[in-house]
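Commentary on secondary and tertiary structure
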Amino acid sequence: SHNMRTPLNAVLGFSQLLGLSTDPGLNDSHKQKLDIIHKAGKQLLSLVDQALQLAQLEHHAEPCESRRVDLLPMLTDAVDMLKDRASAQHLNLIMEAAPCAAWAEPQRVREVVMNLLSNAIKFTQYGGVKLHLSVAQDQLVFDVSDSGSGLTELERSRLFQPFEQFHTHLPNLRGGTGLGLAISKRLAEWMGGNIELLYSSHDGSAFRFHIPLRQRRLPHWHLLKSVHAWGL
């Protein structure tokens, strides 16, 4: 990790410094090229980070440290971070959740949910994306559904494999590392749960992420359904 990060940090650091320079020898064209170098360096660093995280998860090198967390505020913050992206694509982004306290690893739960939502937004051209939280059979269940074009049979068979990318025939959807779902799957398993594809058709797709409920939920009379919508 150190050997890979050191040269990348040098590329990122010096490209940023040059981009901020007031040297008259650097014109706008030069600065645009420096910006491309900086963005490419950040993309490569992200790939390195994801590859290392995947390796750690496969070798069980990360400890799981659960703590009591109120899920509704955490999920609201996660959705808030994506609402501008959804609005820019003229999509509705909806969250349905009830106040629920549970023992979980909040950073990892948030990471998985945000990855599923990001993918749903990325592959949805019209309509919307919905996150639904429920408790069933001592499990916390996070369902993420969209109104996208769905996955082919071949894509479904390779869904959670590392470095697999989907909808590559669409120019505006190229890019990414193909590691997001693979990491999310392993994170879910690391927390004692799983991720599965519930369905996928030309009308959309739905993923289910579930982990064990290690703390009883609030009494039914304290559960007030909360629905938040962003976008159109």
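Presented here is an overview of the structure given in this document. (Residues numbered from 1 in each chain as written. Predicted model: local features only at pLDDT ≥ 70, side-chain atom pairs only at ≥ 80, totals over all residues. Heavy atoms only, no water.)

Remarks on the overall build of the chain
Secondary structure summary: the chain contains seven helices and eight strands in total. Residues classed as buried in the chain amount to 41% of the 232 residues present. Here the analysis covers contacts within the chain between residues at least 6 apart in sequence; of these, 70% occur between residues at least 24 apart. Accessible surface for the chain amounts to roughly 13,100 Å². Of this, 55% is attributable to carbon and sulfur atoms. (Helix = DSSP H or I, 4+ residues; strand = E, 2+ residues; numbered from the N terminus. Buried < 20%, exposed > 50% of the residue type's maximum accessible area, 1.4 Å probe, protein only. Contact = heavy atoms within 4.5 Å. Areas by Shrake-Rupley, 256 points an atom, 1.4 Å probe, with all protein chains shown as cover.)

Some thoughts on the side chain of Ser184
Looking at the element boundaries, Ser184 is found in helix H7 (residues 180-190). A relative accessible area of 2% places Ser184 in the buried class. What Ser184 contacts, discounting residues up to four positions off in sequence, is Val112, Asn115 and Ile195.

Some points on unusual backbone geometry
As a rule of thumb, non-glycine residues mostly have phi less than zero, and peptide bonds are mostly trans rather than cis. In this structure, His90 takes a positive phi of about 60 degrees despite not being glycine. By secondary structure assignment, the location of His90 is in the loop between helix H4 (83-88) and strand E2 (92-97). Taking relative accessible area as the criterion, His90 reaches 54% and is therefore assigned exposed. At Gln137, a residue that is not glycine, the phi angle is positive and equals roughly 50 degrees. As for its position among the elements, Gln137 is in the loop between strand E4 (128-136) and strand E5 (139-146).

Topic: helix H5 (residues 106-122)
Count 3.6 residues to each turn of an α-helix, and residues three or four apart come out pointing the same way. Taking 1.5 Å per residue, 17 residues should reach 24 Å; H5 reaches 24 Å between its end C-alpha atoms and fits that length. For H5, the full list of buried residues reads Pro106, Arg108, Val109, Val112, Val113, Met114, Asn115, Leu116, Leu117, Ser118, Ala120 and Ile121. Its side-chain oxygen placed 3.2 Å from the backbone nitrogen of Gln107, Glu105 serves as the N-cap of H5. (Expected span 1.5 Å × (residues − 1). Polar contact = N/O pair within 3.5 Å; in protein donor to acceptor, adjacent residues only side chain to side chain.)

Comments concerning the pattern of salt bridges
Applying the stated criterion across every chain yields a total of five salt bridges. Note that Asp35 is salt-bridged to Lys39, the shortest N-O span being 3.2 Å. One end of the pair is Asp35 and the other is Lys39, both in helix H2 (residues 28-58) and four residues apart, which spans about a single turn. A residue is classified by how much of its surface remains accessible, and Lys39, at 53% relative accessible area, is exposed. (Salt bridge = Lys/Arg side-chain N within 4 Å of Asp/Glu carboxyl O.)

Comments concerning the environment of Glu111
Mapped onto the elements of the fold, Glu111 is located in helix H5. Given the relative accessible area of 26%, Glu111 is considered partly exposed.

Regarding H7
Here H7 lies mainly inside the structure; 10 of its 11 residues are buried. Those residues of H7 not exposed but buried are Gly180, Leu181, Ala182, Ile183, Ser184, Lys185, Arg186, Leu187, Ala188 and Trp190.

Concerning the packing of helix H3 (residues 71-80) against H5
Their axes nearest at 10 Å, the elements H3 and H5 cross at an angle of 40 degrees. In terms of axis orientation, H3 runs oblique to H5. Of the two possible hands of crossing, H3 and H5 adopt the one that is right-handed. Contact with H3, carried on its side by Met74, Leu75, Asp77, Ala78 and Val79, involves Pro106, Val109, Arg110, Val113, Met114 and Leu117 of H5 and no other residues of that element. (Axes fitted to C-alpha atoms, helices over the stretch in contact; angles between N-to-C directions. Parallel < 35°, antiparallel > 145°, perpendicular 65-115°, else oblique. Left-handed = near helix turned anticlockwise from the far one by under 90°.)

Examining the packing of aromatic side chains
Summed over the entire model, instances satisfying the criterion amount to one aromatic pair. Over the ring of Phe160 we find Lys185; its NZ or CZ atom is 4.8 Å from the centre of that ring. (Phe/Tyr/Trp six-rings, centres within 6.5 Å; stacked < 30°, edge-to-face > 60°. Lys NZ or Arg CZ within 6 Å of the ring centre and 35° of its normal.)

Some words on the pairing of E4
Two strands pair when backbone bridges link them, and E2 and E4 are joined in this way by five bridges, in the parallel orientation. Residue pairing across strands places Asn92 opposite Gly128, the latter belonging to E4. Here eight bridges tie E4 to E5, and the two strands are oriented antiparallel to one another. By the bridge assignment, His132 is partnered in E5 with Asp143. Adjacent in sequence and paired antiparallel, E4 and E5 are bridged by two residues, among which Gln137 carries a positive phi angle near 50 degrees. (Pairing = 2+ DSSP bridges.)

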